[in-house]
Amino acid sequence: MSRPLDLQTREVVSAEALVRWKHRDQGWIQPARFIPVAEQSDLIVVIGEWMLREVATQIAHWHAQGLGWLP
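Every value quoted in this text rests on a predicted model; they were computed, and no experiment measured them.

J.: Tell me about the overall build of the chain, and name the residues and values.
T.: Scanning the chain from terminus to terminus reveals two helices and two strands. Relative to the globule expectation of 11 Å for 71 residues, the C-alpha radius of gyration of the chain, 16 Å, shows a markedly less compact shape. C-alpha extents for the chain along the principal axes are approximately 45 × 30 × 20 Å. When the 71 residues of the chain are sorted by exposure, 8% land in the buried category. Of all intrachain contacts in the chain linking residues separated by at least 6 positions in sequence, the fraction that spans at least 24 positions is 15%. For the chain, the accessible surface area stands at approximately 6,400 Å², while carbon and sulfur atoms represent 57% of it.

Okay, structure coming up:
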């Protein structure tokens with residue numbers, strides 16, 4: 001099992017991003033309900049691209065605050 005932090009170098013080597021859907025009427029919908037539908041309709045690609053942009057934006061924000069692990 002891989003660790004998110006290399007204990008020797010103290011470098012972050014992996015991370016995880018979780019997705020949830022906030023439906024206007026039903027509230028928070030868990031991935032187990034909407035991911036299979038997204039996969040069948042090919043919307044999973046759009047969701048994946050959106051998630052990558054959001055993660056990159058968050059990492060840049062952390063980095064700007066001195067919290068990131070990027071050089």
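J.: Talk me through the packing of aromatic side chains; I want residue IDs and the actual numbers.
T.: Scanning all chains against the criterion turns up one aromatic pair. Seen in terms of ring centroids, Trp21 and Phe34 are 6.0 Å apart; in terms of plane orientation they differ by 80°. Their pairing is edge-to-face. In this pair, Trp21 is assigned in strand β1 (residues 21-23) and Phe34 in helix α1 (residues 31-40), connecting sequence segments 13 residues apart. Since its relative accessible area comes to 9%, Phe34 is described here as buried.

J.: Before we move on, could you go through the environment of Gln65 and cite the residues and values that matter?
T.: Residue placement: Gln65 occurs in the segment after α2 (43-64). For Gln65, a relative accessible area of 48% translates into the label partly exposed. Separated by 36 residues in sequence, Gln65 and Ile29 have C-alpha atoms that sit 31 Å apart.

J.: Could you give me a rundown of α2, with the residues and numbers involved?
T.: Along its 22 residues, α2 runs 32 Å from first to last C-alpha, staying within 8% of the 32 Å computed at 1.5 Å per residue. Trailing α2 by a residue or two, Gly66 shows a phi angle of about 80°, which is positive.

J.: Describe the packing of α1 against α2, listing the residues and the values that go with them.
T.: Geometry of a packed helix pair, given as the angle between the helix axes and the separation of the axes. Packing of α1 against α2 brings their axes to within 5 Å, and their N-to-C directions diverge by 115°. Within the contact between the two elements, α1 uses Ile35, Ala38 and Glu39 and α2 uses Leu43, Ile44 and Ile47. Classifying every residue of the contact of α1 with α2 by side-chain character gives five nonpolar, no polar and one charged.

Conventions we followed
- Residues numbered from 1 in each chain as written.
- Predicted model: local features only at pLDDT ≥ 70, side-chain atom pairs only at ≥ 80, totals over all residues.
- Heavy atoms only, no water.
- Helix = DSSP H or I, 4+ residues; strand = E, 2+ residues; numbered from the N terminus.
- Rg over C-alpha atoms; globule rule 2.2 N^0.38 Å.
- Buried < 20%, exposed > 50% of the residue type's maximum accessible area, 1.4 Å probe, protein only.
- Contact = heavy atoms within 4.5 Å.
- Areas by Shrake-Rupley, 256 points an atom, 1.4 Å probe, with all protein chains shown as cover.
- Phe/Tyr/Trp six-rings, centres within 6.5 Å; stacked < 30°, edge-to-face > 60°.
- Expected span 1.5 Å × (residues − 1).
- Axes fitted to C-alpha atoms, helices over the stretch in contact; angles between N-to-C directions.
- Nonpolar A, V, L, I, M, F, W, Y, C, P; charged D, E, K, R; others polar.

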